[in-house]
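Results of the structural survey
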Amino acid sequence: VITKARGVAAAAAFTLLAAGLSVAENYEAAGRKWWAHVQFLAGDNLQGRAPGSSGFDLAADYVAGQFQRAGLRPGGIENYFQPVKLTQITLDESNSSIQLVQSGKTTDVKLGDDAILGVNPSSSPTIDAPLVFVGYGLSIPEANWNDLTSPALKGAIAVYLRGGPSHISGNLRSHYSSTGERWKAMKAAGAIGMIALLNPKDMEMSWQRISASRLTPRMVLADPALQETTGEEFTAAWNPDRSQTLFDGAQHNFAEILADANQGKALPHFALPARLNAKTSFKEEPVLSKNVVGIRWGTDPKLSHEFVVLSAHLDHLGEAPVTKAGDRIYNGAMDNASGIASLIEIAGELRHKKVQTKRSLIFLAVTAEEKGELGSKYYANHPSVEGRYVADINMDMYLPLFPLKYLEVQGLNESTLGDDIRAVCQAARVEVQPDQEPNKNLFIRSDQYSFVKEGVPGLAFKFGYLPGSPQEKVSKDWFSQRYHNVTDDLNQPVDASAAARFDDILTTLTIKVANAPEPPAWKPDSFFRRFVRASAH
Ligand SMILES: [Zn+2]
C-alpha cells in the first residue's frame, strides 16, 4: 500500500478542528483499518471473487464475520446469507462461427479479432438472418425518438451504433440504452438479435482488452422471470476497425456514420446487403451464489419497518483463462473491495459511536454485479427482510486515489437524497459535483439501479476533480490502465485516509436519511419517478 496523504489527513483533521467540530476521527488510523479489509478481499487467495468460486464464498464469510463484529443482525435466509441461484453460460468459441454472405460470396468473421459473439439462454445454435442498420437502435417515447420503425426488423438482426442523439438528456438515454430496455424495444419491433458497433470516441477500453475478456463466462439469474434478454437469439459486438465489412456494398460506409454521429447529425437507417450466418455453441450450468445481508434495527416503532440500504458489490471478475500468461487474477481492489471495506467500516463506526437511528439500516453485499447487477436485482425483487425500502446508498469503485476535495454524485439531481448529500458535504467542506460524464451511464451501471427500477431513490459516488487538474489525469489513467484489469490490485497508489474521510461522510449521510421525518422522495421532474409503484416493498 502506498499511502500518499499523511500530510493531507492531518490538514483535514485540522480543518475540522478549526471548524469547531469534535474530531474523534483519525482518518489515518481509520484508513488503515479500511485498507486491511481491502487487503483481505483483494488478496490473490480470493481468486478474484467470481460468483460460484470458493474465493467468493471466503469473501462472503469474511463479510458476514465483520457484520457480526459490527453488531449487525443476520438479515439473510441462512443467517447472514441470501442464496442467489444463477445460470452460468460459457461460449464454446472453437465450435462457433459468424459469416457474412453477400451475392454468393462468404466472408468469415474472425471471432476475437473482428467480433465478439455473445451468449444468453435464448441464443439459437444456428442463425441465418438479414441485417438492418438502425442508427442508435433506440426507442425513447418521451423524446419522440424511434430508430426501429423502418426498415422492417421482422426476423432481422438489428445493427446499431452505441451512443445516442446528443439532444436527448443523459438519464432518458441511459435508461433506454440499458440491455433490458433496448432488447424490449428491439423484440417488440420483431428483431431476433442485435449487433453493437462501438464508437472509438466513447470506448473506455481498447478492443484488445474487450476481446481479452470475451471468454469469461456470462451469468443470468436462474429465474426466467428476472431475465432480460428472452428471445434474443443472436448477439455480438464488432471491432470498430473491422466494422466496415458489415457495410460493404451498402449506401453508406461506417466512416460516414461515425462522422455523422460525432457531429451530432441524424444517422441513416437502411438494410445492409449482407446476410448473417452464425453458429453459437455454449454450455449452461447452475451456479449457487449469495448476497450477504446485515440489519441494524431502527428504534422508532413508527419508522423501523422502513429501510435505508447501504450496498456494495462483493464479486469481481475471477481469473483470466489459462491461456493468458503472467498475472491472471482480477483482484478487484478498487472494484469493489474498496466499497465492501467501506460498508464494513460504516457499520463498525455506527456501533462504535452507539448511534441509534429511527429507520432501520440494511447492509447489503451483493453478488454478480459484474455479470449485470444480478445480486442486487434479485434482492430488490425478493428482499430477505420484509419492509418498506426507502433509499439505496451504493458504493462501487468510488476511487479514493487522491484527497477528497470534490465528490461526484450520480443521481444528485434526481431525489431529495441529493439535497442530503449536499448538506453533509457542505458541513465537511467537500464540494459536490454532478455526474461529469453522463454519457458513460454510470447511474444505471451499478447496483443502485436495481433499487431505482423498483421505485427506490438511490445515489452512487466517485471522487471528483476539476477539469485539467492532475487528479483528472490520475482518474482517467486509472480507467484506461487498471479498470477491469489484473492491475486493479494491492500494488497501486491509494489514499486510504481519503477513503476513511469518505466513509465518515457516508456515515453522516446514512444517519441523516435514517432519521429524517420524511423518507427520501424523487424530485417532481425526475425521469426515475416513473418506477414508483403503489405496492412498494
Ligand atoms: Zn466492475
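Our structure's up above, just so we're on the same page.
What counts and what doesn't
Residues numbered from 1 in each chain as written. Predicted model: local features only at pLDDT ≥ 70, side-chain atom pairs only at ≥ 80, totals over all residues. Heavy atoms only, no water. Buried < 20%, exposed > 50% of the residue type's maximum accessible area, 1.4 Å probe, protein only. Helix = DSSP H or I, 4+ residues; strand = E, 2+ residues; numbered from the N terminus. Arc of directions from axis to C-beta. Contact = heavy atoms within 4.5 Å. Polar contact = N/O pair within 3.5 Å; in protein donor to acceptor, adjacent residues only side chain to side chain. Axes fitted to C-alpha atoms, helices over the stretch in contact; angles between N-to-C directions. Parallel < 35°, antiparallel > 145°, perpendicular 65-115°, else oblique. Left-handed = near helix turned anticlockwise from the far one by under 90°. Nonpolar A, V, L, I, M, F, W, Y, C, P; charged D, E, K, R; others polar. Donors = N, O, S within 2.8 Å, 3.2 Å for Na, K, Ca; no water. Phe/Tyr/Trp six-rings, centres within 6.5 Å; stacked < 30°, edge-to-face > 60°.

If you check which residues of helix 8 (residues 254–262) are buried, you get F254, I257, L258, D260 and A261. Relative to the axis of helix 8, the buried residues are bounded by an arc of 160° and lie together on one face. In the core, the buried residues of helix 8 are packed alongside strand 6 (126–133), strand 9 (157–161), strand 10 (193–197), helix 7 (244–247) and strand 13 (270–279). Sitting at the head of helix 8, N253 places a side-chain oxygen 3.2 Å from the backbone nitrogen of A255.

This part takes up the packing of helix 3 (residues 54–69) against helix 9 (residues 333–352). One can describe the packing of helix 3 onto helix 9 by two numbers: an axis separation of 9 Å at closest approach and a directional angle of 15°. By the angle class used here, helix 3 and helix 9 are roughly parallel. Two packed elements cross with a definite hand, and for helix 3 against helix 9 that hand is left-handed. Facing Y62, V63, Q66, F67, Q68 and R69 of helix 3, the residues of helix 9 in contact are I340, L343, I344 and R351. Here the contact of helix 3 with helix 9 is composed, by residue class, of 6 nonpolar, 2 polar and 2 charged.

What follows covers the environment of V308. With respect to the helices and strands, the residue V308 is situated in strand 15 (residues 306–313). When its relative accessible area of 0% is taken as the criterion, V308 is described as buried. In sequence terms V308 and V134 are 174 residues apart; their C-alpha atoms lie 41 Å from each other. Excluding its chain neighbours within four sequence positions, the residues that come into contact with V308 are R359, S360, L361, I362, V390, A391, I393, V513 and A514.

Here the zinc ion is held by D335 (OD), E370 (OE), E370 (OE) and H484 (NE2), and the distances to it run 2.0 to 2.4 Å. Here the donor residues of the zinc ion are spaced in sequence according to D-x34-E-x113-H. Of this pair, D335 sits in helix 9 while H484 sits in the loop between helix 13 (470–481) and helix 14 (496–515), and the two are 149 residues apart along the sequence. The pair D335 / H484 is uniform in exposure class, with both members buried.

Moving on, we get to the packing of aromatic side chains. Taken as a whole and assessed by the stated rule, the structure comprises 25 aromatic pairs. Taking 6.2 Å as the distance between ring centres and 70° as the angle between the ring planes, the aromatic pair formed by F67 and F363 counts as edge-to-face. In this pair, F67 sits in helix 3 while F363 sits in strand 16 (residues 360–366), placing the two residues 296 residues apart along the sequence. Of the two residues, F67 and F363, neither departs from the other in class, the shared state being buried. Taking 6.0 Å as the distance between ring centres and 85° as the angle between the ring planes, the aromatic pair formed by Y449 and F528 counts as edge-to-face.

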